[in-house]
Amino acid sequence: MDGLSPRPGEDARTLAAGPGRVVGRAVTRIEDLPLVRGEGLFAADVNFPRQLHMRVVRAEIAHGRIVSVDAEAARAMPGVVAVWTAADVADIPLIPFRATKVRGLEPYCQPVLARDRVRYVGEPVAVVLADDAYRAEDAAETVMVELEELPVVLDAAAPPGEFAPGHDTEPTVVRKEYGDIDAAFRSAHAVVELELSVGRHSGVPLETRGAIARYDAAHDVLELHGTAKKQHWNRDEIARLLGRPPQGVHLFEGHVGGGFGVRGELYPEDLLVCAAALRLRRPIKWIEDRREHLVATNHSRQQSHRIRAAVDAEGRLLGIDDVFFHDQGAYVRTHGARVADLAAGMLPGPYRLPAYRVAGHFRLTNKTPAATYRAPGRYETTFVRERLMDAIAARLEIDPVEIRRRNLVATAEMPHARPLDALGTDVVLDSGDYEGLLDKALARFGWDAMHKELAARRAAGECVGAGLAFFVEKSGLGPSDGVRVTVDATGAVEVVSGAASVGQGVETALAQICAEALGVDYSSIRVVRGRTDRIEFGNGAHASRVTVMSGSATWQASLAVREMALECAAQLLQLSPAELTISEGVVTRADGLAGPSLTLAEIARGRGPNSPAMRGQTPGLTAERWFWSDHMAYPYGVHLAQIRIDAGTGGVTVERYLVANDIGRAINPMLVEGQIVGGLAQGLGGALLEEFRYDPSGQPLSTTLADYLIPTIAEMPEVDVLIAEDAPSPLNPLGVKGAGEGGTNGAGACIASAVDDALRRPGAITSLPLLPAHLRALLVEAP
Amino acid sequence: MSTRRIALTVNGTRHEAEAPVRQHLGDFLRGTLGLTGTHLGCEHGVCGACTVLLDGRAIRACLVLAVQAEDRAVTTVEGLAPSPEALHPLQAAFCANHGLQCGFCTPGMLTTLEEFLRDCPDPTEEEVRVAISGNLCRCTGYDSIVAATMEAARAMREAAA
């Protein structure tokens, strides 16, 4: 066998149920050592001799016509090598998008430097390139940008304004529909209608963005460092936009200080450092500061919905009709209309829904452009849908748990196909026991006993309540990913993947899968990711896809190497492969009887390119496998919260929280729990603290971490995590579903439900975040 | 732009170097000395990622000028481990308890907690929570950091006994 061609039937080998030797176990991470020792390599840690520092001059008003940009003073400042405005980069096309089926969005893409207009505070207008970061910043402050103010659009639900002559601020409307929606409303026992909104917040990783470009003239290669998430797509686009072949551009990923959706998209600064490195023939370093981050890196989430549900007398959904306005900010970035599309496609969630119609108005405003943030389109629509379920329960005087039970898709209905699409794939809920997980979660939380306790506390004057939210996630977006597994002449194992890491433990998870399949120690496996120079193709790390896609490819490639090793050993030991096994990197008799053995190192040496036995064959103890998937895997779960409102301040304290999440199969339960708890912290941030606010002229008001509040430990409740494996995905050999976003998904919806309950006013909460002043006002007006 | 020659001790080693008077200690440690383990997350004193010890006390390296460290002793994350092979008990416990994901906040957490456990070797969980209430972590949700700290405190008490 040559390591490249799969044998017939080999993709049928699935991971056995139950914990394995290393899969399914809470082993420690192989990533941690350099990180705890301060030896990591984050973007700002990358330096090259002779490097210049780039500083971006950004728009200071939200919408204006550019009259002039005067950089003469800046060019004369000490250490300044160049100052560029739009005219200097007119040859670089608008930044394209990668992730939408929606046509006609091209005119709304962002230029690397503003051309005729600025459209949000923070938009790049010019760049200064200087020999020192402090000097570059000094010079940038002297660049004079003269602007003629234009009217701003700040409310996505307001009538559209003008983006440019001939183009208004509604690039498209995302529409989806199935079933007879009008008949559903005609025959309804009751119609429940709500207006709901989610505020503007985003990933805000602790490491800001950075980009370091270097042109290696000796090899004619442009290198970009500090990259994340989508290296191969970004490599191809950078090459195209700058007029180079993709083979002459390489992207490198070091350590990544949190991604959460926002990092690793192609931004203006990435192209600017690359262009400058090519033209100036010096390495160019750009490190975003925090104020820049809060106005320049993708925002997310902001939507307002007008939703109606038709229900029968038992509270069963007959139809949902939703109109929403998606606040995209000033430009369409790399995701196109993906978040609005996901919102429309995922809104029905876990419920049986005979008819559905949605119109998502994708609107531009004079704010920072928006795109994905952990659980994009689901955090928003889980809030909307679960608010709706609570409202139906209140209207029909049915218990909120019972109303959900009546509508949850049953296990017998799986796989459950909806005539809908999301991320360009048909929505087919692949597997699940929704009601079973709901029961487990309620029991674990002590739901019924808690309500008695809360009633007693209310009687004693406390403002306390509890709520829940059910969610469906999506994961494992295809179409493909490949992995090459190689054992070298010393027996060391390397996994080269087209995936990326954003700090979530990819290396450990892939190493565990490889170790399980191959029979080696996981902790000594080297996992290569995020590098275009080591593997030709890759689809990166996003959409909770790595464990599903790259994990499955790792499994298959590792099994192929195992088979190759066993066949080689069998010949040398004069046994059949079936009589052999591999453990700790040594091939021995599977029956445990004493006998000769061979190490993987010896086998690898025997398969070297100069070994006579390898004549006519592809050498090496190595295999590459590609995993394809046409459908996504859908994890699901439920959030339960118990909260207290301080009557004096309106502040919410989350007392207790449970996330129950079925992810099919946990490769490493410790990492899964870390994803869920960390994801929940972000979800709670969006529910209670985080908001990008603007004044009426479009000036951003959340430009420091003292204004944009992310949860500290003081805001984090006691969190319990129930990881369920009741419904392995039938779509991949590991049975896994992604675990990255379930902790975030239901948090806004769950907290809103609990606050309603504490206020004793069903439906009181219609928007997020729930800031103290708003709740204080609700408490004051409460009867 | 005026500079001044300063002398200071970092992780036990004496250094003399030119520092622009406006340069903050974080940039000096990272740029001039090449100690990039100290991370800059906000440069306005909120996130705590750049926390280092100045004469044994936790400070934010983004809020102290390099020239203010003249003749003083600085400990960064690179100075916590006793040797290239061994880890500080806090570092070991962070690994064992999944106290980090992306690792960007970790240096500031470790230095903050190193000072805290010297002052408070037998803390309650609540005391640990207060100790790191000025350090932001965007990945973990903090619980695992508290667990790691409790384990490190136990290990350090046992080693001292």
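Residues numbered from 1 in each chain as written. Chains lettered and ligands numbered in written order. Predicted model: local features only at pLDDT ≥ 70, side-chain atom pairs only at ≥ 80, totals over all residues. Heavy atoms only, no water.

(A) Spotlight on the overall build of chain B. A tally of regular secondary structure across chain B gives five helices and five strands. A globule of 161 residues ought to have a C-alpha radius of gyration of about 15 Å, and chain B, at 16 Å, matches this closely. Over its C-alpha atoms, taken along the principal directions, chain B stretches across nearly 45 × 35 × 25 Å. Scored against the burial criterion, the 161 residues of chain B give a buried share of 56%. For chain B, the exposed area adds up to about 6,100 Å²; of that, 51% sits on carbon and sulfur atoms. Each charge sign in chain B was given a centre, from 13 positive and 19 negative side chains, and these centres are 5 Å apart. (Helix = DSSP H or I, 4+ residues; strand = E, 2+ residues; numbered from the N terminus. Rg over C-alpha atoms; globule rule 2.2 N^0.38 Å. Buried < 20%, exposed > 50% of the residue type's maximum accessible area, 1.4 Å probe, protein only. Areas by Shrake-Rupley, 256 points an atom, 1.4 Å probe, with all protein chains shown as cover. Lys, Arg positive; Asp, Glu negative; His and termini not counted. Charge placed at Lys NZ, Arg CZ, Asp CG, Glu CD.)

(B) Quick peek at the domain arrangement of chain A. Residues and elements named next belong to chain A. Segmentation of chain A into domains returns domain 1 (10-40 + 478-628), domain 2 (43-150 + 208-256 + 263-296) and domain 3 (303-476 + 631-781). Placing the centre of domain 1 and that of domain 2 at their C-alpha centroids yields a distance of 39 Å. Contacts between the two partners involve 21 residues from domain 1, matched on the other side by 16 residues from domain 2. Arg235 is paired through a salt bridge with Glu536; the nearest N and O atoms lie 3.9 Å apart. At the junction of domain 1 with domain 2, the criterion picks out twelve residue pairs in polar contact (both at pLDDT 80 or more). Tallied by class, the residues present in the side of domain 1 that touches domain 2 amount to seven nonpolar, ten polar and four charged. (Domains from an automatic or database assignment. Contact = heavy atoms within 4.5 Å. Salt bridge = Lys/Arg side-chain N within 4 Å of Asp/Glu carboxyl O. Polar contact = N/O pair within 3.5 Å; in protein donor to acceptor, adjacent residues only side chain to side chain. Nonpolar A, V, L, I, M, F, W, Y, C, P; charged D, E, K, R; others polar.)

(C) Molecular detail of empty space enclosed by the protein. All names here are of chain A. Going through the model one piece at a time under the given rule, you end up with nine cavities of 30 Å³ or more. In this structure, the largest cavity encloses a volume near 760 Å³. Lining the largest cavity are 46 residues; nearest its centre among them are Gln504, Ser544, Arg545, Gln675 and Gly740. Broken down by secondary-structure element, the contributors of at least two residues to the lining of the largest cavity are α8 (338-346), α13 (506-518), α14 (546-573) and α16 (669-688). Looking at the lining of the largest cavity residue by residue, the classes come out as 20 nonpolar, 15 polar and eleven charged. Residue lining of the second largest cavity: 15 residues in total, with Gly226, Thr227, Gly264, Glu265 and Asp270 positioned closest to the centre. Here the lining of the second largest cavity is composed, by residue class, of six nonpolar, five polar and four charged. (1 Å grid on protein atoms, 1.4 Å probe; cavity = no way out; pocket = protein on both sides within 12 Å on 5 of 7 lines; lining within 4 Å. Points joined across faces, edges and corners; volume = space filled by probe spheres on them.)

(D) View of the confidence of the model for chain B. Averaged over every residue, the pLDDT of chain B is 97; the share at 70 or more is 99%. Across the interfaces of the predicted complex, the ipTM metric reaches 0.98, alongside a pTM of 0.97. (pLDDT = per-residue confidence, 0-100.)

(E) Spatial organisation of the layout of surface pockets. Space inside the largest pocket adds up to approximately 1,100 Å³. Lining the largest pocket are 42 residues, with His53, Ala133 and Tyr134 of chain A together with Asp27 and Glu43 of chain B sitting closest to its centre. When contributions to the lining of the largest pocket are tallied by element, the ones reaching two or more residues are β1 (52-58), α3 (133-140), β14 (284-287) and α7 (290-296) of chain A together with α1 (25-32) of chain B. Looking at the lining of the largest pocket element by element, the count peaks at five residues for α3 of chain A.

(F) Summary view of the packing of α13 of chain A against α14 of chain A. Residue and element names in this part refer to chain A. At a closest axis distance of 8 Å, the pairing of α13 and α14 adopts a crossing angle of 30°. Taken together, the axes of α13 and α14 lie roughly parallel to each other. Read as a crossing pair, α13 and α14 show a hand that is right-handed. Judged by residue contacts, Val506, Leu510, Ile513, Cys514, Glu516, Ala517 and Leu518 of α13 engage Val546, Ser550, Gly551, Thr554, Trp555, Ser558, Leu559, Val561 and Arg562 from α14. Per-class residue counts for the contact of α13 with α14 are ten nonpolar, four polar and two charged. (Axes fitted to C-alpha atoms, helices over the stretch in contact; angles between N-to-C directions. Parallel < 35°, antiparallel > 145°, perpendicular 65-115°, else oblique. Left-handed = near helix turned anticlockwise from the far one by under 90°.)

(G) Region of the structure containing the packing of aromatic side chains. Scanning the entire structure with this criterion turns up nine aromatic pairs over all chains. Ring centres 5.1 Å apart and planes at 85° place the aromatic pair Phe42 of chain A and Phe104 of chain B in the edge-to-face group. In this pair, Phe42 of chain A is assigned in the loop between α1 (32-37) and β1 and Phe104 of chain B in the loop between α2 (89-96) and α3 (106-119), connecting two distinct chains. When sorted by exposure, Phe42 of chain A lands in the same class as Phe104 of chain B, which is buried. Centroid distance Tyr120 of chain A to Tyr331 of chain A: 6.2 Å. Interplanar angle 75°. Geometry classified as edge-to-face. One end of the pair, Tyr120 of chain A, is in the loop between β4 (117-118) and β5 (124-130); the other, Tyr331 of chain A, is in the loop between β16 (317-327) and α8, with 211 residues separating them in the sequence. Judged by its relative accessible area of 1%, Tyr331 of chain A is buried. Taken together through their ring pairs, the aromatic side chains of Tyr108, Tyr120, Phe163 and Tyr331 of chain A make up a single cluster. It is Arg119 of chain A that lies over the ring of Phe163 of chain A; its NZ or CZ is 4.0 Å from the centre. Sitting over the ring of Phe185 of chain A, Arg308 of chain A keeps its end group 4.0 Å from the ring centre. (Phe/Tyr/Trp six-rings, centres within 6.5 Å; stacked < 30°, edge-to-face > 60°. Lys NZ or Arg CZ within 6 Å of the ring centre and 35° of its normal.)

(H) Spatial organisation of the nonpolar core. If you look at the biggest cluster of nonpolar residues, it comprises 166 residues, and the most contacted ones within it are Ile392, Ile643, Tyr657, Ile751 and Val755 of chain A together with Phe94 of chain B. Discounting chain neighbours no more than four positions away, the residues touching Val755 of chain A are Ile643, Ile645, Val652, Ile765, Leu770 and Leu775 of chain A. Counting residues in each nonpolar core, the second largest holds 54 residues, with Val483, Val520, Leu559 and Leu580 of chain A among its members. (Core = buried A, V, L, I, M, F, W, Y, C linked by side-chain atoms within 4.5 Å.)

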